[in-house]
There are 2 protein chains.
Amino acid sequence: MIKKEAKDIKYTNQRIEILDFLRKFDGHPTVEDVYEGVRKKLTRISKATVYKNLRFLAEKGLIKEVNIKGVSRFEANLVPHHHIICIGCGSITDYESEDLTDYSLKVAGDIENFEVESTDTNFYGICKDCKEE
Amino acid sequence: MIKKEAKDIKYTNQRIEILDFLRKFDGHPTVEDVYEGVRKKLTRISKATVYKNLRFLAEKGLIKEVNIKGVSRFEANLVPHHHIICIGCGSITDYESEDLTDYSLKVAGDIENFEVESTDTNFYGICKDCKEE
DNA sequence: GTACTAAGTAATAATTATTATTATTTAACT
DNA sequence: AGTTAAATAATAATAATTATTACTTAGTAC
Ligand SMILES: [Mn+2]
Ligand SMILES: [Mn+2]
Ligand SMILES: [Zn+2]
Ligand SMILES: [Zn+2]
């Protein structure tokens, strides 16, 4: 159970459950996924509340929003990482590579008139399951 | 004017104009942008046709779809490149770095059970204009 | 603990984005 | 020129997201 980690946030039951759900969920759930998941505990929660809070929590930096193939997804994994995306089935897998992050940030240093804060790389291709077809 | 580059495609006026528009447009237009742009030449084109053709052309590999901050955008720039995204104003700028692409593909070689076909990196941060505020 | 208040929520309406349907038109082939 | 599979326009239908508003609550002050 989450408890007042950040002080400028009002910790409502809805917020706590959403954050809790994301931290336990292994993957990149959509708004709908989060809504369905949280509903098991808070049966009367409104979908608009889920939308608002996901955007709010991302704004506050407690979660990240990642948009893949036109679909908004969320995750509580704040460690810089990359994504492996199957163009066949749409599966999304985290991929940590500090080397790549470092290299990207080094490249970012060359960019003029822009201050890079973070980077991530997407790897597009075919997963094993999709290949066996 | 575009003329039958790929043979398995029926070159309709609508398709030609959409492709032409994207090739002349310097940036990453949304569906709405493309619709408005193309409408200047084909005043009676339907928005559904724009949707269908953008997805179709992306499928055929003549254009690329890039999703940034939950918004679908399209571009005719097929050279592998990266994107610099301002979290302030949302501006999107292309950034070519063959080195980074090569490095990413080298990293991709280590990924198990997945065949990477392409990669791209997003740089998030603050642009010069947004910083001056 | 009780009162106060700004912020959050539920329910719903409204808006925006995207896809499906279908009668008509057309590009490409013969 | 005639044929036909594919594409289009117009529209309806669906899905995704945001706005509105009356009610509720977390956090703070006493
Ligand atoms: Mn992730
Ligand atoms: Mn680009
Ligand atoms: Zn797959
Ligand atoms: Zn900016």
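Residues numbered from 1 in each chain as written. Chains lettered and ligands numbered in written order. Predicted model: local features only at pLDDT ≥ 70, side-chain atom pairs only at ≥ 80, totals over all residues. Heavy atoms only, no water.

In the nomenclature of an unreviewed UniProt entry, chain A corresponds to Transcriptional repressor from the organism Methanolobus zinderi. Quoted verbatim from the Sequence similarities (unreviewed entry) heading of the UniProt record, the comment on chain A is "Belongs to the Fur family." (UniProt positions renumbered as here; feature names shortened; annotations may be inferred.)

This next bit is on the coordination of the zinc ion (ligand 4). Residues and elements named next belong to chain B. Within the protein, C86 (SG), C89 (SG), C127 (SG) and C130 (SG) serve as the donor atoms for the zinc ion (ligand 4), at 2.2 to 2.4 Å. One can describe the site at the zinc ion (ligand 4) as tetrahedral: its 4 donor atoms subtend angles covering 105 to 113° at the metal. Taken in chain order, the donor set of the zinc ion (ligand 4) reads C-x2-C-x37-C-x2-C. A residue pair is termed long-range when its members are at least 10 positions apart, and C89 in the loop between β3 (82-86) and β4 (92-95) and C130 in helix α5 (residues 128-131) qualify at 41 residues. On the basis of relative accessibility, which here comes to 48%, the residue C89 falls in the partly exposed class. (Donors = N, O, S within 2.8 Å, 3.2 Å for Na, K, Ca; no water. Tetrahedral: all angles 85-135°; square planar, octahedral: opposite > 155°, others 65-115°. Helix = DSSP H or I, 4+ residues; strand = E, 2+ residues; numbered from the N terminus. Buried < 20%, exposed > 50% of the residue type's maximum accessible area, 1.4 Å probe, protein only.)

Residue and element names in this part refer to chain A. All of the protein donors around the manganese ion (ligand 1) are H28 (NE2), E75 (OE), E75 (OE), H81 (NE2), H83 (NE2) and D94 (OD); their distances to the metal are 2.1 to 2.8 Å. Between the 6 donor atoms coordinating the manganese ion (ligand 1), the angles at the centre fall across 51 to 167°, so the site counts as irregular. Read in sequence order, the donor residues for the manganese ion (ligand 1) give the motif H-x46-E-x5-H-x1-H-x10-D. Note that E75 is positioned in strand β2 (residues 71-75) and D94 in strand β4 (residues 92-95), a separation of 19 residues in sequence. We classify E75 as buried; its relative accessible area is 2%.

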